[in-house]
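Spelled out, the chains give:
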Amino acid sequence: MSYHLGHDFVSTRDIEAGEEIFVSYGESWLDGRGDWGSLIPREADFETGDQITKLLKERVSAPDDAIVSLIKDIVALFDDRTSSVLPETSSEFSDTTANGEHLAWSSIERRSMDWILENGQCLD
């Protein structure tokens, strides 16, 4: 539990060393943050990205880098945020789709204890 700035934060499960903790203010909070807030992908962007990668996997079982890049570029013409969550290479595409993993989970990077010690912040 934390009492940082008058807010209580309670974990609903054990937190492993190296995990990052995220606090959600809700998607509407990002909308009022100017240009940088508009660039951060929302839940719907990840869901659309999941649909795109699923469709690509159904139609082209092992797309090469050129196809993955082309799909990402076409999506960017219509929606930069959705494009930003799509894999950039065939290797990333394979890694993301191999386990049936959702794009949102593939975007979370576990940090080493050394990284946390060097870059992390404690809110208490």
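Just so it is clear, the model here is predicted, and its values are computed rather than measured. (Residues numbered from 1 in each chain as written. Predicted model: local features only at pLDDT ≥ 70, side-chain atom pairs only at ≥ 80, totals over all residues. Heavy atoms only, no water.)

In terms of nonpolar packing, the biggest core is built from six residues, these being Phe46, Ile52, Val75, Val85, Leu86 and Leu103. Apart from the residues lying within four places of it in its own chain, the contact partners of Val85 are Pro41, Asp45, Phe46, Gly49 and Leu103. (Core = buried A, V, L, I, M, F, W, Y, C linked by side-chain atoms within 4.5 Å. Buried < 20%, exposed > 50% of the residue type's maximum accessible area, 1.4 Å probe, protein only. Contact = heavy atoms within 4.5 Å.)

What follows is about the environment of Ser38. Note that Ser38 resides in helix H2 (residues 34–38). Considered as a pair, Ser38 and Asp80 are 42 residues apart in the sequence and their alpha carbons are 9.8 Å apart. If we ignore the near neighbours within four places in the chain, the residues touching Ser38 are Leu30 and Arg81. (Helix = DSSP H or I, 4+ residues; strand = E, 2+ residues; numbered from the N terminus.)

A few words on the side chain of Asp50. Note on placement: Asp50 falls in helix H3 (residues 43–59). For the buried Asp50, which has no salt bridge, the nearest side chain bearing the opposite charge is Lys54, at an N-O separation of 10 Å. When near neighbours in sequence (up to four residues on either side) are disregarded, Asp50 contacts His102 and Leu103. (Lys, Arg positive; Asp, Glu negative; His and termini not counted. Salt bridge = Lys/Arg side-chain N within 4 Å of Asp/Glu carboxyl O.)

Here we come to helix H4 (residues 65–78). Think of an α-helix as 3.6 residues a turn; residues three or four steps apart then line up on the same face. Compared with the 20 Å implied by 1.5 Å per residue over 14 residues, the 21 Å span of H4 between its first and last C-alpha is a close match. Turning to H4, its buried residues number three or more, namely Val68, Lys72 and Val75. Across the axial projection of H4, the buried residues extend over an arc of 65 degrees, all falling on one side. Across H4 from its buried face, at more than 90 degrees, point the exposed residues Ala66 and Leu77. Backbone nitrogen of Ala66 and a side-chain oxygen of the N-cap are separated by 3.2 Å at the start of H4; the cap is Asp64. (Expected span 1.5 Å × (residues − 1). Arc of directions from axis to C-beta. Polar contact = N/O pair within 3.5 Å; in protein donor to acceptor, adjacent residues only side chain to side chain.)

Bringing the confidence of the model for the chain into the picture now. For the chain, mean pLDDT is 81; residues scoring 70 or higher make up 85% of the total. Within the chain, no element has a lower average pLDDT than helix H7 (residues 103–106), which sits at 74, and none a higher one than H4, at 95. (pLDDT = per-residue confidence, 0-100.)

Here the focus is the pattern of salt bridges. This model, assessed by the stated rule, comprises one salt bridge. Taking the shortest distance from any N to any O, the salt bridge between Asp45 and Arg81 comes out at 2.8 Å. Taken together, the residues span a long stretch of sequence, with Asp45 in helix H3 and Arg81 in helix H5 (residues 80–85) at a distance of 36 residues. Classification of Asp45 as buried rests on a relative accessible area of 5%.

Our next topic: the environment of Ser84. With respect to the element layout, Ser84 can be found in helix H5. Ser84 gets classed as partly exposed once you look at its relative accessible area, which sits at 43%. Each C-alpha atom, one on Ser84 and one on Phe46, is 9.4 Å from the other, the two residues being 38 residues apart in sequence. With sequence-adjacent residues up to four places away left out, Ser84 is seen in contact with Pro41 and Lys72. Of note is the side chain of Ser84, whose polar atom sits 2.6 Å from the backbone oxygen of Arg81.

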